[in-house]
Amino acid sequence: MQFGRTTFSKFVIEHTRGGHSELGALLIDVSAAVKGIAALVGKGALSGWTGTSGAGEVNVQGEVQKAIDVASNEAILRHCEWGGQLAGMASEEMDEPYRIPDQYPRGRYLLVFDPLDGSSNSDVNVSVGTIFSILKRETAGDGDPSAADFLQPGDRQLAAGYAIYGPATMLVLSLGSGTHGFTLDRENGNFILTHPDIRVPEETREFAINTSNERFWEPPVQRYVAECKAGKSGVRGVDFNMRWIASMVAEVHRILMRGGIFMYPKDNKDPAKPGRLRLLYEANPMAMLIEQAGGAASTGRRRILAVEPGELHQRVPVILGSRQEVERLERYHGEYDAGTDRAFTSPLFSERSLFRADAS
Ligand code: AFP
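Residues numbered from 1 in each chain as written. Predicted model: local features only at pLDDT ≥ 70, side-chain atom pairs only at ≥ 80, totals over all residues. Heavy atoms only, no water.

**Concerning the packing of helix α6 (residues 248-258) against helix α7 (residues 279-292)**
Two elements in contact, α6 and α7, have axes separated by 11 Å at closest approach and are oriented at 10 degrees. The orientation of α6 with respect to α7, classified from their angle, is roughly parallel. The segment α6 lies against α7, with M248, V249, V252, I255 and L256 engaging E282, M286, L289 and I290. Split into classes, the residues belonging to the contact of α6 with α7 amount to eight nonpolar, no polar and one charged. (Axes fitted to C-alpha atoms, helices over the stretch in contact; angles between N-to-C directions. Helix = DSSP H or I, 4+ residues; strand = E, 2+ residues; numbered from the N terminus. Parallel < 35°, antiparallel > 145°, perpendicular 65-115°, else oblique. Contact = heavy atoms within 4.5 Å. Nonpolar A, V, L, I, M, F, W, Y, C, P; charged D, E, K, R; others polar.)

And the structure:
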């Protein structure tokens, strides 16, 4: 039993006093929803929510909806719709924004979330998570917000966070003043502040990417990953380690804990898609958490938090983590776009660039 430690509720109340107490109340409702999802996910096959949603539903992403995706989405809607802080909600699992039922009061906040990120891992007992972002409705009026109300760049987020359902359940939150981690004490149901002011190490020797897509990546990403794989024998002169969990929450959490770089770049496997991950409820909240912890988050060509959304379920390339590595990849994209990505040579071997025969 953890006594005397700062609970999530105490932290949130203390940090939203003076005009943002409604934001605090909303975050406490989100934490309650997360505890409900943790209990569900923690039951595994005993939860009765495994497999597909049964209705053969395909969500707006074109992915078959899993029953536990639907249950997690419901958990957030039910815990957050009644409190009077929200003008509306949007989710990976819902084509259109969710309108607050008429019997509940409405507020000015907008909650955007991926209720169960990495859910394709839930059937194989690998860590999954919930990602959320809170914006303020900027248009006047008390009617239902339109999808356009949600289309705000990530720099306007008032709060961002995720829950990770792993060996321990944790909540990681930023209110714009640092990134802080809370661990669920299962004995009393409190999230306890265990990781105040998380900092991402500037350097890393660990990269995360799904290398099965290598042939579809743009040359600057191929160049960067080839250099990491070449290790000591290549231009980097040091060996790298690779990880890929296929659960963004778990990758980002590892990076917040020990550094690293996570990449889900643009690839031409499906040229119509600018990336796999969604801007509003995956890339933006994670980018805020990473930047608030001293890391960097980029599309390869610009800060993710500066991207102006064009539609609710917009996808975006994601490169985030230890600042020095993200900046290196941005430099490689710039050199590629300018046609100056030089042949990289190792002190040991003179290799021409693998990707530009004409590079000199
Ligand atoms: P699911 O939520 O469909 O499992 O996708 C998870 C995810 O959006 C993100 O969490 C992972 O980093 C990424 O997809 C994994 O993508 P690949 O399956 O292509 O490796």
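Moving on from the model shown.
**So, the sheet that holds strand β9 (residues 206-208)**
What links the strands of a sheet is backbone hydrogen bonding, and the strands pair in either a parallel or an antiparallel sense. What the five strands build is an open sheet, ordered β10-β9-β11-β15-β13; its pairing is mixed. Two strands bound the open sheet, and with one partner strand each, they are β10 (241-243) and β13 (296-298). The average angle at which neighbouring strand axes cross in this sheet is 15 degrees, direction not considered. Examined bridge by bridge, strand β11 (residues 261-264) and strand β15 (residues 318-321) share four bridges and lie antiparallel to one another. Its bridge partner lying in β15, I261 is registered against G321. Contacts from helix α8 (residues 323-338) reach β11, β13 and β15 within the one sheet, and its direction differs from that of β15 by about 150 degrees. (Pairing = 2+ DSSP bridges.)

**Observations concerning α7**
With respect to burial, α7 is a largely interior element, twelve of its 14 residues being buried. Residues L279, L280, Y281, E282, A283, N284, P285, M286, A287, M288, L289 and I290 constitute the buried set of α7. Immediately beyond the C-terminal end of α7, within one or two residues, lies G294, with a positive phi of roughly 90 degrees. (Buried < 20%, exposed > 50% of the residue type's maximum accessible area, 1.4 Å probe, protein only.)

**A few points about a positive patch on the surface**
Taken together, R215, K269, K273 and R276 make up a surface patch of like positive charges. Within the secondary structure, R215 sits in the loop between β9 and α5 (219-230). Note on R215: relative accessible area 61%, which makes it exposed. (Patch = residues over 30% accessible without salt bridge, like charges linked within 9 Å, V, L, I, M, F, W, Y side chains within 5 Å. Areas by Shrake-Rupley, 256 points an atom, 1.4 Å probe, with all protein chains shown as cover. Salt bridge = Lys/Arg side-chain N within 4 Å of Asp/Glu carboxyl O. Lys, Arg positive; Asp, Glu negative; His and termini not counted. Charge placed at Lys NZ, Arg CZ, Asp CG, Glu CD.)

**Concerning the packing of aromatic side chains**
Applying the stated criterion across every chain yields a total of six aromatic pairs. Each residue in the set F8, F11, F182 and F191 is aromatic and connected to the rest through ring pairs, giving one cluster. Between R223 and the ring centre of Y332, over which it is positioned, the NZ or CZ distance is 3.8 Å. (Phe/Tyr/Trp six-rings, centres within 6.5 Å; stacked < 30°, edge-to-face > 60°. Lys NZ or Arg CZ within 6 Å of the ring centre and 35° of its normal.)

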